[in-house]
Every structure is written in structure tokens, then in C-alpha cells.
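# An overview of the molecular structure
Each chain, written out:
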Amino acid sequence: MRPDRRSVCLGGMAGMVGALAGCSQIEPARAEGQDRGPRANLYACEGCEATAERDPQGISWTAVLAGPEEPGERLRLTGRVYQTDGVTPAPSVIIYAHQTNAGGLYANGSNETEWSRRHGRLRGWVRTNIDGDYVFETIKPAPYPSMTMPAHIHLFVQELGRRPYYIDDVVFDGAFGVDDAYRARQELRGGSGIVRLVGDARTGWTAVRDIRLERHPG
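Residues numbered from 1 in each chain as written. Predicted model: local features only at pLDDT ≥ 70, side-chain atom pairs only at ≥ 80, totals over all residues. Heavy atoms only, no water.

### A word on the state of the cysteines
Here, disulfide denotes a covalent bond that connects the sulfur atoms of two cysteines. By the definition in use, this model includes 1 disulfide. Between the sulfur atoms of Cys-45 and its disulfide mate Cys-48 the distance is 1.8 Å. On the sign convention where negative means left-handed, the S-S torsion of about 85° between Cys-45 and Cys-48 marks this disulfide as right-handed. (Disulfide = S-S within 2.5 Å.)

The structure is reproduced here in C-alpha cells:
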């Protein structure tokens, strides 16, 4: 059975007032960049190799980055991936995510690969379902201790038969560093990464990051 859009947004957040209205982005990805051609630097990407570290056939459309034992405020990051037209859902797209912990660190990485060491333990993969949907269950990341950037979640995209690329980080509207200057600097790769948090620190947060796939050179 296909999950409907409402259940993807609200699952696990029972009793959240007004959540359906909040289950949308500040700047929806599907509405942006209709006439933009391929980016010359689309494949300039440190860490994109990590998208291929798992067998796509074994990847679900949902993943747990941070289990219930992980310190921090619970966060469900969800969304829908669209083709370049911004309308057609894109199934079977791999999304790789990694983030800091509640202390702002990429901590406790493993020796499996370079990226498992550098990206820390809070990382994972999803493969979008037939409707283009995905879900990451995690915690709200913290800014780096140096406070040089807003709290963020890195996202990388791997389409079938295509080279991977990064898209704009997920950042949180109204949080430290997400100001007018940040908005002006956005590359809008995959659409805007600025999302609205719905919920609270006690029961958990939901955020939606829809993604519009980029056009490929050639």
C-alpha cells in the first residue's frame, strides 16, 4: 500500500496541532528553477562517493540516522523528490544524509571507509518509494562549536545511471545563522534547504525538505 502524503508528514507525531499546514517548505523545491540549465559544477562534490557505499536494492525509503538512545531532540525529516519538471515524482533515487550530533560534532565514526570516519555515526541512506517519498528519523543537529554555520543536515543525491551530487543543506527557519544573508547565498541545488520545524522539543519535530532533481550536463 502506498503511504499518502499526510501519513508521511504526520507519522509518529500524534497530537501535533496544525501539523498538516506546517508540513510544507518555506520555499518549495518543485517551484524553483524551471528554466535553469545544467550547472557546470554539478559534480564537484566532496563526499559524494558515500552515496554508493550501500547496495541500492537493500535500501528502504525510510532510515534511522539516530536511534532513541541518541541524545537530542527527536526530528523526522521527510519529503518528496521530483523530476526536473518539478511535478513528476522520482522513485528509486538514493539520498545519503549525514549530520552533527547534539554537541555539533561528526562524532564516533567507524573505520569502514573514509566517509564513515569523517561523517561520523549519524549517517544513512534512503531510496525513494514509488511516490518519490523518503523519511529520515534522527535528532535535531546542533551548530558546530565554533558557531561558524547554522545547524544543518547534509544531503547527497544519486539517480539511477547518473553521477551523484550534493544539494542544499537542510537548515531550520528562524534558527541561528538562517537570516537574509544566508537566503541570498543559497545555491538552490535541489531547491531551497530552508525548512520549517513543526512540533516541540518534548514530543519531537517534523520538517519537510522536498527535492527537485538537477539537470545533468550532456
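### Comments concerning the packing of aromatic side chains
Under the criterion given, the structure shown has 4 aromatic pairs. Pairing Tyr-106 with Tyr-144 gives two aromatic rings, centres 5.8 Å apart and planes at 65°, and the pair type is edge-to-face. On the criterion of sequence distance, the pair formed by Tyr-106 in the loop between strand S3 (94-99) and helix H3 (114-118) and Tyr-144 in the loop between strand S5 (133-139) and strand S6 (153-158) is long-range, its members being 38 residues apart. Classification of Tyr-106 by relative accessible area gives partly exposed; the value is 24%. Classification of Tyr-144 as buried rests on a relative accessible area of 19%. The structure contains a cluster of three or more aromatic residues connected by ring pairs, namely Tyr-96, Trp-125 and Phe-156. One Lys or Arg, Lys-140, reaches over the ring of Phe-172 and ends 6.0 Å from the middle of that ring. When the ring centre of Tyr-166 is taken as reference, the NZ or CZ atom of Arg-189 above it lies at 4.1 Å. (Phe/Tyr/Trp six-rings, centres within 6.5 Å; stacked < 30°, edge-to-face > 60°. Helix = DSSP H or I, 4+ residues; strand = E, 2+ residues; numbered from the N terminus. Buried < 20%, exposed > 50% of the residue type's maximum accessible area, 1.4 Å probe, protein only. Lys NZ or Arg CZ within 6 Å of the ring centre and 35° of its normal.)

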